Amino acid sequence: DQSQLRDLLGDIELRELLDAGIIGEVESHLQRTDPGYRAKSADGLHDLLLQIGDLTRDEIAVRSATAEVARSIRALVASVRVVEVPVARRKRLIAAEDAARYRDALGAPLPAGLPASLLEPVADPLGDLVLRFARTHGPFPIKAVASRFGISAEAASTALARLASRGRVLQGTFTPGRTGREWCENGVLRVIRQRSLARLRHEVEPVSAAALGRLSVAWHGLLTRRRGPDALLDVVEQLQGAPIAASLLEREVLPARIEGYRSSDLD
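## Thoughts on the overall build of the chain
Of the regular secondary structure elements, the chain holds 15 helices and four strands. What you see for the chain is a C-alpha radius of gyration of 29 Å, clearly larger than the 18 Å of a compact globule of 267 residues, by over 25%. For the C-alpha atoms alone, the extent of the chain along its principal axes is close to 95 × 45 × 30 Å. A burial count over the chain gives 36% of its 267 residues as buried. The contacts of the chain with a sequence gap of at least 6 include a subset with a gap of at least 24, amounting to 57%. For the chain, the exposed surface amounts to about 15200 Å²; the carbon and sulfur share of it is 54%.

Next comes the structure, spelled out in structure tokens:
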């Protein structure tokens, strides 16, 4: 809940809390480019188009487990389970079930042979396409969705605002290294936040006593002693506040850290 997050942390940007690597991993899963998520059959390709939306043949090949699976798109087109339409001045393949959405949202001409049941108008065709884009991507700027569908930034912004009013997408600053406002689907952002938090927790898990011992020895410079007044001052700053007997400090602690230490050096 972003309002609760704002109450807790103030007006901090989420891009300061989220992990860019996690965002990339989540998007590769959603986009089915990760090897473990690629389509393994013709039916899998059809499901892929239903899940992601319009794809070029090259984009389908990237999301296919094998070249043979990618070639099976021809059979899907021949059986009219998949149709080819122009989107943003490029030929793309869509599931036949989405034909009316692309016709009504983008004015895409449809091939003959589609059953009448698939040509019925839908309530919010552009909203459906934009929401699916959001569900299958990490955080994105408005220009990304506008470019994908070949629509104006104003049209994309209006569609996203409608979705935001229904609580389906959020606007904010999410991706580390980017500037400007972005949009993200609620479920996608939830996954990114959970995985980012899990990675942070893993990074602060307790280490073994042996690892802590190695760190302490290296941090105190006991393996490679230094020379000179600057090195001695660093050691004093490092040890300040530690309850060390003066006799031990002069006889053992400082000589172990400073090469050629003399009592006059401390003076």
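## Details of the pairing of strand β4 (residues 182-185)
Residues E182 and C184 of β4 are buried on one face, and the alternating residues W183 and E185, pointing to the opposite face, are buried as well. Where strand β3 (residues 169-172) meets β4, four bridges bridge the pair, whose relative direction is antiparallel. Within the sheet, the bridge partner assigned to Q171 lies in β4 and is W183.

## Some remarks on the packing of helix α8 (residues 125-135) against helix α10 (residues 153-165)
Following both chains from N to C, one finds α8 and α10 inclined at 80°, their axes separated by 9 Å at the closest point. Comparing their axes, α10 and α8 come out roughly perpendicular. Contact residues: L126, G127, V130 and L131 in α8; A155, A159, L160, R162 and L163 in α10. Looking at the contact of α8 with α10, its residues break down into seven nonpolar, one polar and one charged.

## What to know about the packing of aromatic side chains
Two aromatic rings are characterised by how far apart their centres lie and by the angle between their planes. Counted under the stated rule, the structure contains two aromatic pairs. Aromatic side chains F133 and F140 sit 5.0 Å apart centroid to centroid with 85° between the ring planes, which places their arrangement in the edge-to-face category. The same class applies to F133 and to F140, which are both buried. Ring geometry for F133 versus F149: centroids 6.1 Å apart, planes at 65°, classification edge-to-face. Taken together, the residues F133 in helix α8 and F149 in helix α9 (residues 142-149) connect sequence positions 16 residues apart. With respect to class, F133 is no different from F149; both count as buried. Site record: aromatic cluster; members linked through ring pairs are F133, F140 and F149.

Conventions used here
Residues numbered from 1 in each chain as written. Predicted model: local features only at pLDDT ≥ 70, side-chain atom pairs only at ≥ 80, totals over all residues. Heavy atoms only, no water. Helix = DSSP H or I, 4+ residues; strand = E, 2+ residues; numbered from the N terminus. Rg over C-alpha atoms; globule rule 2.2 N^0.38 Å. Buried < 20%, exposed > 50% of the residue type's maximum accessible area, 1.4 Å probe, protein only. Contact = heavy atoms within 4.5 Å. Areas by Shrake-Rupley, 256 points an atom, 1.4 Å probe, with all protein chains shown as cover. Pairing = 2+ DSSP bridges. Axes fitted to C-alpha atoms, helices over the stretch in contact; angles between N-to-C directions. Parallel < 35°, antiparallel > 145°, perpendicular 65-115°, else oblique. Nonpolar A, V, L, I, M, F, W, Y, C, P; charged D, E, K, R; others polar. Phe/Tyr/Trp six-rings, centres within 6.5 Å; stacked < 30°, edge-to-face > 60°.

Everything listed here is a matter of coordinates, which is why it stays silent on function.
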